[in-house]
Amino acid sequence: GLAFGRPTWFLHDRVVSLVALGDRCKLYFWQGAAVEQRLGARMSGGGSEIRYVTLESIFDVDERIKCMIHEAFQFQIETISVADRIANRKAVLPA
């Protein structure tokens, strides 16, 4: 889908967006702070949630980037699961 006119991948909410900037792209992680914390990944951005990595070419999409994308979706799945359990008044145990 699109968010702010940019290609964005969703799973109930925004997960990852790709923004072209001339000769490079930025891959934005909407819950990047959580991904960064879970993987110990180094990402740019200092906001409360959004982080990004700069890609100079398609060859920059290596195993580390793929792992970050996977973890972003995994975090979203866990977030949805907890929200559903809360909505259905079922017990939610801390991870």
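Values in this document were obtained by computation on a predicted structure and should not be read as measured data.

Engineer: Explain the overall build of the protein chain to me, please; I cannot follow it from the model alone.
Structural biologist: Helices and strands together make up the secondary structure of the protein chain, namely two helices and five strands. Scanning the protein chain from its N terminus toward the C terminus, one meets helices and strands in the order β-β-β-β-α-β-α. Counting only C-alpha atoms, the protein chain reaches 50 × 30 × 25 Å along its principal axes. Within the protein chain, buried positions represent 26% of all 95 residues.

Engineer: Looking at this model, I keep getting lost on the sheet that holds strand S4 (residues 24–29). Mind explaining?
Structural biologist: Hydrogen bonding along the main chain pairs the strands of a sheet, whether they run parallel or antiparallel. The strand order across the open sheet built from five strands is S1-S2-S3-S4-S5, with neighbouring strands paired in antiparallel fashion. A single partner strand is all that each edge strand has here, and the edge strands are strand S1 (2–3) and strand S5 (51–55). Examined bridge by bridge, S4 and S5 share five bridges and lie antiparallel to one another. Paired with Tyr28 across the strands is Tyr52, a residue of S5.

Engineer: In this structure, what is going on with the pairing of strand S3 (residues 13–21)? I would like to understand it.
Structural biologist: Here strand S2 (residues 6–11) runs beside S3; their pairing, made up of four bridges, is antiparallel. Pairing of Phe10 across the sheet is with Arg14, part of S3. In textbook terms, the turn of a hairpin is the stretch between consecutive antiparallel strands, and for S2 and S3 this stretch comprises one residue, one of which, His12, has a positive phi near 75°. Two strands pair when backbone bridges link them, and S3 and S4 are joined in this way by six bridges, in the antiparallel orientation. The partner of Val19 across the bridge, within S4, is Lys26. What sits between S3 and S4 in their antiparallel hairpin is a turn of two residues, with Gly22 showing a positive phi close to 65°.

What counts and what doesn't
Residues numbered from 1 in each chain as written. Predicted model: local features only at pLDDT ≥ 70, side-chain atom pairs only at ≥ 80, totals over all residues. Heavy atoms only, no water. Helix = DSSP H or I, 4+ residues; strand = E, 2+ residues; numbered from the N terminus. Buried < 20%, exposed > 50% of the residue type's maximum accessible area, 1.4 Å probe, protein only. Pairing = 2+ DSSP bridges.

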